[in-house]
Amino acid sequence: MVEIPKTQKAVVFETNGGPLIYKDIPVPTPASDEILVNVKYSGVCHTDLHAWKGDWPLPTKLPLVGGHEGAGVVVGKGENVTNFEIGDYAGIKWLNGSCLGCEFCLKSAESNCPDAILSGYTHDGSFQQYATAKAVHAAKIPQGTDLAQIAPILCAGITVYKALKTSEAQPGNWVAITGAGGGLGTLAIQYAKAMGFRVIGIDTGDAKAEACKELGAEAFIDFATSKDLVKDVVAATHGGPHAVIHVAVSEKAIGVSTEYVRATGVIVLVGLPAGAYAKSEVFSHVVKSISIKGSYVGNRADTAEALDFFDRGLITCPIKIVGLSELPEVYELMEKGQIVGRYVLDNSK
Ligand code: 8ID
Ligand code: ZN
């Protein structure tokens, strides 16, 4: 038997945008279909910042423990759980649970389930030492995996892998990634490369440019210093990228991509800038026959596949580890766009 304490450390906020309090809270009890995970490491996704600020048109639970890239060890489980044993490694994902019976779940579009339970948003997430997750949706992590390294795969990795599949890009095609130097972007470059695509990264600053090239981007355009972004992207990709994956938190980036995307190309919206619209000039949209699609995390199969790319050594998460109590500082850096790759919290500190 594993000893489970009664209380634990967590970062909690009581109002959106209010103080982020590092404190002791009770350890939750898993429901009959849930596992209890001792979260060792948790990635900090820009979604967590949106949740704290409350800037999306979907209310968060309050008070809330954020976080949805939690990697840890199963220490408890409900009586109906058959797919996890105590001691297994497990991952807490954004999609904590879904009904499994609706039209969308039946078609494996689990993230579109109207009753989806969201870790770190409608359900307390991974910025605590012990978190619960529906056993059917929790990620299976092979024993012996580096839990700090794999944490960002649990949202960022799954999401960009699914978005790349959604783009319908073919081997040898150019894929543009906006926000390429951030958490999702640095993984998107590597998944794209592993899937046989050629990558152009779009972001800003020397540190991000260097990281993107090191991770496999053949070209990089600095959106802040480029005098003509459309011309530069079209030139670097010999006619425009066949697909664009938007992980930038920027409305402007979306609009301009409708100009540089290649005819018949696909633009995939992933980043969620608050209050933004995707604007496209209709004449060119039709004549170039481009598409704009949304992509929202991934289902259980996408999860297993994204984790398999990691397991095979094809993906390295550029992480920086800090203590759980340092979450407010991480949000500050993220807000300023100063994070290259991903911050991962060590939940023991
Ligand atoms: O399922 C989904 N759709 C999903 C899953 C996970 C995350 C969506 N997201 C959303 C988040 O909520 C957030 O809105 O994806 C977005 C990016 O998350 P992230 O990668 O965790 O954020 P980050 O690490 O802060 O990286 C953002 C990057 O965008 C760049 C920044 O410099 C930063 O590197 N960027 C910005 I802001 N404006 C840009 C622009 N105009 C830009 N890059 C290119 N052009
Ligand atoms: Zn996320």
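Residues numbered from 1 in each chain as written. Chains lettered and ligands numbered in written order. Predicted model: local features only at pLDDT ≥ 70, side-chain atom pairs only at ≥ 80, totals over all residues. Heavy atoms only, no water.

Looking now at helix 8 (residues 251–260). Along helix 8, the positions that sit buried rather than exposed are Ala253, Ile254, Val256, Ser257, Thr258 and Tyr260. A distance of 3.4 Å separates the backbone nitrogen of lysine 252 from a side-chain oxygen at the start of helix 8, and that oxygen is part of serine 250. (Buried < 20%, exposed > 50% of the residue type's maximum accessible area, 1.4 Å probe, protein only. Helix = DSSP H or I, 4+ residues; strand = E, 2+ residues; numbered from the N terminus. Polar contact = N/O pair within 3.5 Å; in protein donor to acceptor, adjacent residues only side chain to side chain.)

Spatially, 13-12-11-14-15-16 is the arrangement adopted by the six strands of the open sheet, whose pairing is parallel. Edge positions in the open sheet fall to strand 13 (219–222) and strand 16 (291–294), since each of these has one partner strand only. The mean angle between the axes of side-by-side strands here comes to 20°, regardless of whether they run parallel or antiparallel. Bridging between strand 12 (residues 198–203) and strand 13 involves four bridges; their strand directions are parallel. Bridged to glycine 201 within strand 13 is phenylalanine 220. (Pairing = 2+ DSSP bridges. Axes fitted to C-alpha atoms, helices over the stretch in contact; angles between N-to-C directions.)

In this section: the site of ligand 1. Taken together, 29 residues surround ligand 1, and among them His46, Thr47, Asp203, Val297 and Arg342 come closest. For ligand 1, an oxygen atom lies 2.6 Å from a polar atom in the side chain of aspartate 203. Contact between ligand 1 and valine 270: a nitrogen atom at 3.0 Å from a main-chain N or O atom of the residue. Considered on its own, ligand 1 offers 910 Å² of accessible surface; in the complex 91% of this is hidden by protein. Of all the elements in the fold, those that place two or more residues in the shell around ligand 1 are helix 1 (46–53), helix 5 (183–194) and strand 12. It is helix 1 that provides the largest number of residues to the shell around ligand 1, a total of three residues. Here the shell around ligand 1 is composed, by residue class, of 15 nonpolar, eleven polar and three charged. (Near = heavy atom within 4 Å. Areas by Shrake-Rupley, 256 points an atom, 1.4 Å probe, with all protein chains shown as cover. Nonpolar A, V, L, I, M, F, W, Y, C, P; charged D, E, K, R; others polar.)

Moving on, we get to the coordination of the zinc ion (ligand 2). Bound to the zinc ion (ligand 2) on the protein side are Cys45 (SG), His68 (NE2) and Cys155 (SG), at distances that span 2.0 to 2.3 Å. All donors to the zinc ion (ligand 2) come from one chain, and their sequence spacing reads C-x22-H-x86-C. Taken together, the residues histidine 68 in the loop between strand 4 (64–65) and strand 5 (70–77) and cysteine 155 in the loop between helix 3 (147–150) and helix 4 (156–166) connect sequence positions 87 residues apart. (Donors = N, O, S within 2.8 Å, 3.2 Å for Na, K, Ca; no water.)

Turning our eyes to something else, we now look at the nonpolar core. Counting residues in each nonpolar core, the largest one holds 61 residues, and the members touching the most others are Ile153, Ile177, Tyr191 and Ile245. Residue contacts for isoleucine 245: discarding those within four places in its chain leaves Ala163, Leu164, Ser167, Val175, Ala176, Ile177, Thr178, Val268 and Val270. By size, the runner-up hydrophobic cluster in this structure holds 21 residues, among which are Ala10, Val11, Leu20 and Leu327. (Core = buried A, V, L, I, M, F, W, Y, C linked by side-chain atoms within 4.5 Å. Contact = heavy atoms within 4.5 Å.)

Here we come to the sheet that holds strand 2 (residues 21–26). Strands sit in the order 2-1-4 across an open sheet of three strands; the sheet is antiparallel. Bordering the open sheet on either side are strand 2 and strand 4, each of which pairs with just one other strand. Sheet analysis places strand 1 (residues 7–13) next to strand 2, joined by six bridges and oriented antiparallel. Bridge pairing in strand 2 links valine 12 to isoleucine 21.

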